[in-house]
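# Inside the fold
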Amino acid sequence: MTHSIQETTVAAETDEDKRRKNGLYRQVSAELAENMKRGWADTERYGLQPIAQAAHTARRRAELSARFPGELLVIPAGGPKVRANDTAYPFRPSSDYVYLTGDQSPDAVLVLEPDPYGGHRATAYLLPRSDRENGDFWLDYHGELWDGRRNSLAENGQLLGLPCNDVRTLTDRLGATIGAARVLRGHDMGIEAALAARTTAERDDEFRVTLSEMRLVKDEFEIADLRFACEATALGFEDAVRALGTAAPTPERLIEGTFFTRARIEGNDVGYASICAAGPHATTLHWVRNDGEARPGDLLLLDAGVETRHLYTADVTRTLPVDGRFTPIQRKIYDAVYAAQEAGIAAVKPGAAYRDFHDAAQRVLAEHLAAWGLFEGRSAREAHDLGLQRRWTLAGTGHMLGLDVHDCAKARTELYVDGTLEPGMVLTVEPGLYFQSDDLTVPQEYRGIGVRIEDDILVTEEGNENLSARLPRNADDVEAWMARLRG
Ligand code: GLY
Ligand code: MN
Ligand code: MN
């Protein structure tokens, strides 16, 4: 099998290597080989109901088909990434494959073959059940005896609502087709090589962009799942508050582990590495080392999101006073960020420019920074026009959210950053202020304080809905909520 880097590596192994991996250090006797073939019940399942999103994935495939008439379209799930030797990182399929199938199998491939009568015929190419006759189910390192039972192709056909075929036949099948093709690159080098003569980098880029843009407006299944992700994330934040000591320091990793436990129970995983940033770590936007301690008197910036079992993720930040009460300076900075977030959220509505919520939040932050005298006498307006607030606001104010935490990242600027908000879009609004510990341009008492408040906002017909509203945002509500949780 040559359809992924990983499989190519495996194929190069000798039978002895494979046996050794499975702990089968000795040659398998003919008697054992024969014995292992027999005595297994037929567990095939019939009459399965399609997965909840099957109607949606069918519509998405039809939309994709209409955009590329007459062309062969190939969307691989990708395979497990090697961590070391025979150990892999937890597998997560490519988001576009999930979007179009609802399936999460490793090394799977969705193929849309142009139909001579118009449209495309979609087939999911998947690994079938392990063969018992040739011993694959136990002699192969990834046989079902070791990795667990897989759905049969017929079962997957019922579940996914689309024909399924053996992925090991895919290279031959592709060879039997003709004409222009497009591949979602970066997931399966074997397929890219097999279709190299029929694709171009430019056309494949266009394909990737289209897939990203299709995901800009969420359907009702996606919105329901993002809502669930936010609810589960709120539970994770509650767990984190309960784990946070009021007297002794709490390791950032305890917070990380606490949230992760909730993510695994309610969903699939965390949607990105949790940022558990205590004290001055909060001023480091990508703080994922999480090797510090949250001490009473400090703030804890917790940026974390549960990824659901359908692989949609929340992306939420709360900045919490570890001992339950903001100090006056912490509250002053927190209130400024809260005011900016209020302005940002209010700017999220259908027909608004995407940039509006960012501009609204940045203006409010600039006003506060000017009032605190941080612009050396320049007005808030002047400072904002020059972007001077960015020394302390650092990042953009938000991004699209969905299957990926930074969803729709390949969408063209004119449809995304320079685009217009539409009902069904989901985005984060996450202003922040970050005063580095060594920033000599701000008063000493500001240094080492970082505050971000991040919520997941659905654009509705009327305006917006905060999907993460279950978590308190303003300083008083945060304090009351923490007190309640700690009983
Ligand atoms: N947690 C990543 C972000 O807020 O964009
Ligand atoms: Mn975040
Ligand atoms: Mn975010």
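Provided above is the structure to which this section pertains.
So, a few notes on the structure that sits alongside this text. (Residues numbered from 1 in each chain as written. Chains lettered and ligands numbered in written order. Predicted model: local features only at pLDDT ≥ 70, side-chain atom pairs only at ≥ 80, totals over all residues. Heavy atoms only, no water.)

## Some points on the overall build of the chain
- Counting its secondary structure elements, the chain contains 18 helices and 19 strands.
- C-alpha atoms of the chain, sized along the principal axes, occupy 80 × 55 × 40 Å.
- Among the 487 residues that make up the chain, the fraction classed as buried is 50%.
- Of all intrachain contacts in the chain linking residues separated by at least 6 positions in sequence, the fraction that spans at least 24 positions is 70%.
- Each charge class in the chain can be summarised by its mean position, and for the 56 positive and 77 negative side chains these summaries are 1 Å apart. (Helix = DSSP H or I, 4+ residues; strand = E, 2+ residues; numbered from the N terminus. Buried < 20%, exposed > 50% of the residue type's maximum accessible area, 1.4 Å probe, protein only. Contact = heavy atoms within 4.5 Å. Lys, Arg positive; Asp, Glu negative; His and termini not counted. Charge placed at Lys NZ, Arg CZ, Asp CG, Glu CD.)

## Things to note about the pairing of strand β15 (residues 426-429)
- What you see with β15 is no split at all: Val 426 and Thr 428 on one side and Leu 427 and Val 429 on the other are buried throughout.
- As paired strands, β15 and strand β18 (residues 455-459) are joined by four bridges and run antiparallel to one another. Paired with Leu 427 across the bridge in β18 is Ile 457. (Pairing = 2+ DSSP bridges.)

## Details of the site of ligand 1
- Around ligand 1 lies a shell formed by Tyr 272, Asp 303, Asp 315, His 399, His 406, Glu 430 and Glu 454.
- His 399 is positioned such that a nitrogen or oxygen atom in its side chain is 3.0 Å from an oxygen atom of ligand 1.
- Protein chains bury 84% of the 190 Å² of accessible surface belonging to ligand 1 in isolation.
- In terms of residue class, the shell around ligand 1 is built from one nonpolar, two polar and four charged. (Near = heavy atom within 4 Å. Polar contact = N/O pair within 3.5 Å; in protein donor to acceptor, adjacent residues only side chain to side chain. Areas by Shrake-Rupley, 256 points an atom, 1.4 Å probe, with all protein chains shown as cover. Nonpolar A, V, L, I, M, F, W, Y, C, P; charged D, E, K, R; others polar.)

## Some remarks on the sheet that holds strand β14 (residues 316-321)
- Here we have three strands laid out as an open sheet, ordered β10-β12-β14, and antiparallel in their pairing. Looking along the sheet, the strands with just one partner apiece sit at the ends: β10 (275-278) and β14. Here the strands of the sheet are splayed against their neighbours by 10° on average, with no regard to which way each runs.
- Here six bridges tie strand β12 (residues 299-304) to β14, and the two strands are oriented antiparallel to one another. (Axes fitted to C-alpha atoms, helices over the stretch in contact; angles between N-to-C directions.)

## Points about the coordination of the manganese ion (ligand 3)
- For the manganese ion (ligand 3), every protein donor is listed as Asp 315 (OD), His 399 (NE2), Glu 430 (OE) and Glu 454 (OE), and the spread of their distances is 2.1 to 2.2 Å.
- For the manganese ion (ligand 3), the single-chain donor residues occur in sequence as D-x83-H-x30-E-x23-E.
- Here the manganese ion (ligand 3) and the manganese ion (ligand 2) are spaced 3.3 Å apart, and both take Asp 315 as a donor. Residue Asp 315 is located in the loop between β13 (306-307) and β14, and its partner Glu 430 is located in the loop between β15 and β16 (432-435); the two are separated by 115 residues in the primary sequence.
- Relative accessible area serves as the criterion here: at 3%, Asp 315 is assigned to the buried category. (Donors = N, O, S within 2.8 Å, 3.2 Å for Na, K, Ca; no water.)

## Remarks on the nonpolar core
- Ranked by internal contacts, the top residues of the largest apolar core, which has 90 residues, are Leu 64, Ile 333, Trp 372, Leu 433 and Phe 435.
- Residues within four places of Phe 435 in sequence aside, it is in contact with Thr 283, Ile 333, Leu 369, Trp 372, Leu 374, Trp 392, Val 442, Tyr 446, Arg 447, Gly 448 and Ile 449. (Core = buried A, V, L, I, M, F, W, Y, C linked by side-chain atoms within 4.5 Å.)

## Examining the packing of aromatic side chains
- All chains considered together, the criterion is met by ten aromatic pairs.
- Relative to Trp 392, the ring of Phe 375 lies with its centre 6.0 Å away and its plane at 45°, an arrangement referred to as tilted. Taken together, the residues span a long stretch of sequence, with Phe 375 in the loop between α15 (355-371) and α16 (380-386) and Trp 392 in helix α17 (residues 390-393) at a distance of 17 residues.
- Between Phe 435 and Tyr 446, the ring centres sit 5.2 Å apart and the planes meet at 85°, which makes this aromatic pair edge-to-face. (Phe/Tyr/Trp six-rings, centres within 6.5 Å; stacked < 30°, edge-to-face > 60°.)

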